[in-house]
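# Survey of secondary and tertiary structure
The chain contents come next:
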Amino acid sequence: MKRRDFLKSATGLAAGAMVPAPAIWSAAKADARSETLLVVTENGPNNLDIHGVGTNRAGYETSWNCYDRLISHETKTLPDGTLSYDRDKFKPELAEDMNIGDMSVTFKLKKNAKFHDGTPVTAADVKWSLDRSVTVGGFPTVQMKAGSLENKEQFVVVDDSTIRVDFIKKDRLTIPDLAVIVPGVYNSGLLKKNATDKDPWALEYTKSATAGSGAYKVTSWKPGVETVYERNEDWVGGKLPQLKKVIWRTVPSQGNRRALMERGDADISFDLSSKDTSEMKKATKLVIISNPIGNGMYSVELNVKNPPFDNEKVRQAVAYALPYQKIMDAAMFGLANPLFGGPSNTVTDIAWPARTAYSDNIEKAKALMAESGVSGIDTTISFDLGAGDICEPISVLVQESLGQIGIKSTINKVPGANWRSEMAKKSMPLMVNFFSGWLDYPEYFFFWCYSGQNAIFNTSSYVNPGMDTLIDGARAAAAIGDKDKYAKDVEGFISKAYDEVPRIPLFQPFLNVATQKNISGYVYWFHRQLDYRSIVKA
């Protein structure tokens, strides 16, 4: 299959401390400014490998840019003129050819692909890497399972440049799942040398060193301070990027990041607060890009495993007590889509994210509390301090509203570096949280957040066999193109979730980015991180 046919085939698949500006730019000034990008964000990576335990979202960015996958997504232009990945169109990265059969897909690798140390990339490296992803456990393994990629036997080396992936069942999420960050290809020879009996996949090594074939490699990492990337001049996964170096600085202060951008001392500020975004748009000094985050929502999440939120009436009371519009105004400054005040919790279409029927109704909330028979509740509202600009005002408003229906609460601010590990414990009774599903399908969101496998993002510990039947039914229907059955099951699982309300949707936020006017090529991606490969600096 030639590249043109590959694309045609793939497309057919549905599916802190103040940092003075001179110091921040001193390293970049030593290089050609036009080939060096300076990025400032609130948080940097805590691990350079997405397979690592507790790797934060910033760490995903490193894996995305330093490791190749067999395939990736094409880019499209949105109605507002900005760029986005195209969910339904794929392109080759390490693969030069893809043949999809009834129960398998076979990839031919580009013969001149090399890892950063010059070692050729082989099908054995691809198999070892895919084996790693389905075996290492935690988030990576569940992510692979989302596309029915579950065991090492599915990955077969045909010859040095050919790898076959066998399907355990028909699943429209399988091909898209091969294009997410997790199935990156690692230098297996290098990692085997750094593995131990206790660490067979060399996770300790890849925590602080990259071992990929991607467009960039990390040449310096100072956790919490700076990550420096240099271009891989031998990259064959796509067009060689314009940027030779990327300097990614952690600048905890929102005000400092904004000042650096407004003075022209930084090129990109990523993941801006809604307040700064709304104000900077009016100033017109910078290019401001805002994209609704696909398959994503902020919500109030209730742990249904333990009292008092194991009581459905209590959960519904909380849902009616929340001051939704005040929350939107205080946290988002209009840069979000509301997910409340809909006509009914029984939905009649598959549009997602969908609005719930909940609205600010204290009297109804009090009545539901009385019906529940539960009183004397004293709980904790937890949130990720790394997202404090959004989560703290929400938490304060939630605390005030709960007080009106007899629920006392204290606010627990969890440091961003610890948030993922605290989530994994599933011990927080109530939290303000955000989740966005990489694969932009409602059944994918529900696979992570509502299914009985009780994965890390099912923060409510919600387990219901009826819900599992609907999620599995939707996935099976999508795989064979049964649109009527798919719609019935999707409408069913959304309605069930909204009626039983283990998590209370608030809004769909936007991802906000500021760039200097000489920067182009920024693309919105499902993983909500920067792809340096497409960015151009004039």
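The following refers to the structure shown. (Residues numbered from 1 in each chain as written. Predicted model: local features only at pLDDT ≥ 70, side-chain atom pairs only at ≥ 80, totals over all residues. Heavy atoms only, no water.)

### Concerning the overall build of the protein
The helix and strand inventory of the protein stands at 18 helices and 21 strands. Taking 2.2 N^0.38 as the reference for a compact globule, 538 residues should give roughly 24 Å; the C-alpha atoms of the protein span a radius of gyration of 23 Å, in line with that estimate. Here the C-alpha coordinates of the protein stretch approximately 70 × 60 × 50 Å along the principal axes. Of the roughly 20500 Å² of accessible surface on the protein, 51% is carried by carbon and sulfur atoms. (Helix = DSSP H or I, 4+ residues; strand = E, 2+ residues; numbered from the N terminus. Rg over C-alpha atoms; globule rule 2.2 N^0.38 Å. Areas by Shrake-Rupley, 256 points an atom, 1.4 Å probe, with all protein chains shown as cover.)

### Regarding the sheet that holds strand S3 (residues 83–92)
Strand pairing in a sheet relies on backbone hydrogen bonds. The paired strands run either parallel or antiparallel. Taken together, 3 strands build an open sheet; the order of strands is S2-S3-S20 and the sheet is mixed. Whereas interior strands pair on both sides, the edge strands pair on one side only; in this sheet they are strand S2 (71–77) and strand S20 (523–524). Of the strand pairs in this sheet, S3 and S20 are connected by 2 bridges, and their pairing is parallel. Paired with Leu-83 across the two strands is Val-523, which belongs to S20. (Pairing = 2+ DSSP bridges.)

### With respect to the side chain of Asn-47
Relative to the assigned elements, Asn-47 resides in the loop between strand S1 (36–41) and helix H3 (57–66). Residue class for Asn-47 comes out buried when judged on its relative accessible area of 5%. A polar side-chain atom of Asn-47 sits 2.8 Å from the main-chain amide nitrogen of Asp-49. In this structure Asn-47 touches Gly-52, Val-53, Thr-55, Gly-59, Thr-206, Lys-207 and Trp-221, once residues within four positions along its chain are discounted. (Buried < 20%, exposed > 50% of the residue type's maximum accessible area, 1.4 Å probe, protein only. Polar contact = N/O pair within 3.5 Å; in protein donor to acceptor, adjacent residues only side chain to side chain. Contact = heavy atoms within 4.5 Å.)

### Let's talk about the packing of aromatic side chains
Evaluation of the coordinates by the stated rule reveals 33 aromatic pairs. The positively charged end of Arg-132 is found above the aromatic ring belonging to Tyr-186, 4.4 Å away from the centroid. It is Arg-503 that lies over the ring of Tyr-450; its NZ or CZ is 5.7 Å from the centre. (Phe/Tyr/Trp six-rings, centres within 6.5 Å; stacked < 30°, edge-to-face > 60°. Lys NZ or Arg CZ within 6 Å of the ring centre and 35° of its normal.)

### Topic: empty space enclosed by the protein
Over the atoms, a rolling probe the size of a water molecule traces out where space has been left empty. As a volume, the largest cavity reaches approximately 60 Å³. Looking at the largest cavity, the residues that line it are Gln-254, Arg-257, Arg-258, Ser-269, Phe-270, Asp-271, Leu-272, Ser-273, Asp-276 and Met-280. Elements supplying a minimum of two residues to the lining of the largest cavity: helix H9 (254–262), strand S11 (268–270) and helix H10 (274–283). Of the residues that constitute the lining of the largest cavity, the class distribution is 3 nonpolar, 3 polar and 4 charged. In this structure, the second largest cavity encloses a volume near 50 Å³. Per-class residue counts for the lining of the second largest cavity are 6 nonpolar, 1 polar and 2 charged. (1 Å grid on protein atoms, 1.4 Å probe; cavity = no way out; pocket = protein on both sides within 12 Å on 5 of 7 lines; lining within 4 Å. Points joined across faces, edges and corners; volume = space filled by probe spheres on them. Nonpolar A, V, L, I, M, F, W, Y, C, P; charged D, E, K, R; others polar.)

### Quick notes on the sheet that holds strand S4 (residues 95–100)
Strand order in the open sheet formed by 4 strands is S4-S5-S7-S6, and the pairing between neighbours is antiparallel. Bordering the open sheet on either side are S4 and strand S6 (155–159), each of which pairs with just one other strand. In this sheet, adjacent strand axes meet at a mean angle of 20° when their direction is disregarded. Those strands touched by helix H4 (residues 123–135) are strand S5 (104–109), S6 and strand S7 (162–166), and its axis lies near 180° from that of S6. (Axes fitted to C-alpha atoms, helices over the stretch in contact; angles between N-to-C directions.)

### What about the nonpolar core?
Judged by nonpolar contacts, the single largest core of 155 residues is most densely connected at Phe-107, Trp-438, Phe-446, Trp-448 and Phe-507. Ranked by size, the runner-up nonpolar core spans 12 residues in total, among them Val-40, Leu-272, Ile-288 and Ala-514. (Core = buried A, V, L, I, M, F, W, Y, C linked by side-chain atoms within 4.5 Å.)

### Section: the pattern of salt bridges
Scanning all chains against the criterion turns up 27 salt bridges. Close ionic contact of Asp-171 with Arg-475 constitutes a salt bridge, the shortest N to O distance being 2.4 Å. Here Arg-475 lies in helix H17 (residues 465–480) and Asp-171 lies in the loop between S7 and helix H6 (174–177), a separation of 304 residues in the sequence. A single burial state applies to Asp-171 and to Arg-475, both of which are buried. A single network of salt bridges, built from pairs that share partners, joins Arg-258, Glu-262, Lys-275, Asp-276 and Glu-279. (Salt bridge = Lys/Arg side-chain N within 4 Å of Asp/Glu carboxyl O.)

### Considering the state of the cysteines
Throughout the structure, instances matching the rule amount to 0 disulfides. For the unlinked cysteine Cys-449, the closest cysteine sulfur is that of Cys-391, found at 15 Å. Among the residues examined, Cys-449 registers a relative accessible area of 1% and is labelled buried. (Disulfide = S-S within 2.5 Å.)

Just geometry here; none of it tells us what the structure is for.
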